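Secondary and tertiary structure notes
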Amino acid sequence: MNQAESERLEALLESRGYLPVPGTEEADLIIINSCVVRRSAENRALNKLMLLRHLKKKCPEKKVALTGCLVSDDLEALKQQYPFVDHFFKAGEKFCFEGITDSDPGELPAQASVSSPVTIIQGCNNYCTYCIVPYRRGREKSRPPAEIAREAETLVVRGAREIVLLGQNVDSYGQDLPEKPDLANLLEMLNGINGLWRIRFLTSHPKDMSLRLIEAIASLDKVCEKVNLPVQAGDDEILAAMGRGYTAEQYITLVESLRKAVPEIALTTDVIVGFPGEDERRFNNTLRLLRRIRFDGVHAAMYSPRPETLAAKKFVDDVSKDEKKRRVKLVEEMQAEIAGVINARLAGQKQEVLVEGRKKGRWYGRSRSDKLVFFEHSGNWSGRLAPVTIENTSPWSLKGRIKQ
Ligand code: SAM
Ligand code: SF4
């Protein structure tokens, strides 16, 4: 979501005559888009800010703005802490500074990426006990379907072939709108856009994923067979302490329904290791769940207490850093093995690859199931669908060629 918001800011600035420069030394205006979901991300943003403090001393005429989840409601405290920052604006808020006013719903890039993000819902009402997002991005606010459709159509006219619908919890899309459309309604509407080839959405919440949505994935031709369904833990006590609203068994049942309706579906997930109270037995329950489901991809993160959250206030961060590291490594090793086997099955198969660009002399793009695919070819495949026969596989990407 930060990446999508940065792209929109870039489009806004370019439409007002700004040009990108290689580094902060050459810049007139510098915007830091921060993420604080984990301590490590927050540290990265803080390090950048410290570098800017020095730069601003040397060149006070440069303007510095700070956005993203580092920007809390307490602007006064922020101004005191970072007096060298000229402008603060909250994540997702319009940019109004230096005579630039962001219009509603915001500026779109003149040249859209082949795969373009479209935010459909801001904020989150879930308050998982470890998560800072609801405190920094506020409560859920859905965009009206007609506005989303207009934006998707414009992006397609400007070169997009795939849109990725974004939200912290896309499954609760529309519940705050008067007509209460849901994500399935929205997908159906967007599926009719001429020139649009693929639709993805991110991220789903297991407690909110509906049968209607599963049916939409199964029946709508442009909706890709891939779901990111963060499980976070495989132990019921940890899940309850996280406030996730489902048990491991309920999660497994949901995955079974998805796989029954869409047998070729690819699934990825997020896991937090070292949540307070996660002893060896509870961690093993997570490993067991991962082994049982066999995801296409797992993103494992070490728990870090975040300010304002219930978990930070109520629980002791009782798993050591070294132990968290060991657990992440175990998850990653196991996952590499599983993904290696899943991807190896694709060898010899033809995959439809939406080509996004070139890297190191090779074309790259994604299959419908979101696998990264590389191939070599002398033609120009940019923004096209390439029929690639897979020849080599690894846990992380595939390689193939276009057969004549
Ligand atoms: N809304 C999505 C969900 O329900 O899972 C994900 C949003 S969250 C911004 C992205 C990921 O960051 C989460 O899936 C979680 O694994 C991780 N995360 C959030 N808070 C964390 C924390 N305090 N420590 C470690 N990882 C965290
Ligand atoms: Fe954070 Fe996602 Fe939970 Fe919302 S649903 S509180 S964004 S982890």
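A brief report on the enclosed structure follows. Just so it is clear, the model here is predicted, and its values are computed rather than measured. (Residues numbered from 1 in each chain as written. Chains lettered and ligands numbered in written order. Predicted model: local features only at pLDDT ≥ 70, side-chain atom pairs only at ≥ 80, totals over all residues. Heavy atoms only, no water.)

1. Points about the site of ligand 2
Note the cut-off: Nearness is defined per residue: one heavy atom within 4 Å of the molecule or strand is enough. Residue type decides the class: Asp, Glu, Lys and Arg count as charged, Ala, Val, Leu, Ile, Met, Phe, Trp, Tyr, Cys and Pro as nonpolar, and the leftover types, Gly among them, as polar.
Near ligand 2 you find Cys124, Asn126, Tyr127, Cys128, Tyr130, Cys131, Val133, Pro134, Gln168, His205 and Arg244, and these make up its full shell. When the residues that make up the shell around ligand 2 are grouped by side-chain class, the tally is 7 nonpolar, 3 polar and 1 charged.

2. Comments concerning the site of ligand 1
What counts is decided by this rule: A 3.5 Å cut-off defines polar contacts: any pair of N or O atoms within that distance qualifies, except that in protein one atom must be a possible hydrogen donor and the other a possible acceptor, and neighbouring residues in sequence count only when both atoms are side-chain atoms. Here the open area of atoms and residues is found with the Shrake-Rupley method and a 1.4 Å probe, where only the protein chains shown may cover a residue. Helix numbering and strand numbering both begin at the N terminus, where a helix is a DSSP run of H or I of at least 4 residues and a strand a DSSP run of E of at least 2.
Tyr130, Gln168, Gln232, Asp270 and Ser304 are the nearest of the 17 residues found near ligand 1. Glutamine 232 places a polar side-chain atom, nitrogen or oxygen, 2.7 Å from an oxygen atom of ligand 1. Serine 304 has a polar backbone atom sitting 2.8 Å from a nitrogen atom of ligand 1. In the complex, the protein chains occlude 90% of the 560 Å² of accessible area that ligand 1 would expose alone. When residues of the shell around ligand 1 are traced back to their parent elements, those giving at least two are strand 12 (266–273) and strand 13 (297–302). Class assignment of the residues belonging to the shell around ligand 1 gives a composition of 8 nonpolar, 5 polar and 4 charged.

3. Structural notes on the sheet that holds strand 18 (residues 398–401)
Going by this rule: Note: two strands are recorded as paired if DSSP finds a minimum of 2 bridges between them. As a rule, the C-alpha atoms of each element are fitted with a line to give its axis, helices using only the stretch in contact, and angles between N-to-C directions run from 0 to 180 degrees.
Overall, mixed pairing links the 5 strands, which are arranged 14-15-16-18-17 in a closed barrel. Across this sheet, the average inter-strand angle for adjacent strands is 55°, counted without regard to direction.

4. Side note on the nonpolar core
Under the convention used in this document: Residue types Ala, Val, Leu, Ile, Met, Phe, Trp, Tyr and Cys, when buried and joined through side-chain atoms within 4.5 Å, form a set referred to as a nonpolar core. Each residue is placed in one exposure class: buried if its accessible area under a 1.4 Å probe, protein chains only, is under 20% of its type's maximum, exposed if it is over 50%, and partly exposed if it falls in between. Bear in mind that the domain bounds are from an automatic or database domain assignment. Residues count as neighbours in contact if any of their non-hydrogen atoms are within 4.5 Å of one another.
Counting residues in hydrophobic clusters, the biggest one holds 73 residues, and the most contacted among them are Ile120, Leu165, Leu187, Leu190 and Phe201. Counting contributing residues per domain, this core is built from domain 2 (108–224) and domain 3 (259–344), each supplying no fewer than three. Setting aside chain neighbours within four positions, we find leucine 190 in contact with Ile148, Ala149, Ala152, Ile163, Leu165, Leu196 and Ile199. Among the nonpolar cores identified, the runner-up in size contains 22 residues, and Leu52, Cys59, Leu66 and Val71 belong to it.

5. Some thoughts on the side chain of asparagine 191
Here asparagine 191 shows up in helix 6 (residues 183–191). Apart from the residues lying within four places of it in its own chain, the contact partners of asparagine 191 are Ile199, Leu220, Asp221, Lys222 and Val223.

6. Here we look at the packing of helix 5 (residues 145–157) against helix 6
Under the convention used in this document: Left-handed describes a crossing whose near helix is turned anticlockwise from the far helix by less than a right angle; the clockwise case is right-handed.
Helix 6 packs onto helix 5 with a crossing angle of 35° between their chain directions and a minimal axis gap of 10 Å. Note that helix 5 runs across helix 6; the crossing there is right-handed. Residues Pro145, Ala146, Ile148, Ala149 and Ala152 of helix 5 form the contact with helix 6, whose own contacting residues are Leu186, Met189 and Leu190. Per-class residue counts for the contact of helix 5 with helix 6 are 8 nonpolar, no polar and no charged.

7. Focus: the pairing of strand 1 (residues 29–34)
Keep this limit in mind: Clockwise travel from the first strand over the helix to the second, with the strands pointing away from the viewer, marks a crossover as right-handed.
Bridge count for strand 1 against strand 2 (residues 63–68) is 6 bridges, and the pairing is parallel. Note on strand 2: the bridge partner recorded for serine 34 is glycine 68. A crossover connection joins strand 1 to the parallel strand 2 through helix 2 (residues 39–58); in handedness this β-α-β unit is right-handed.

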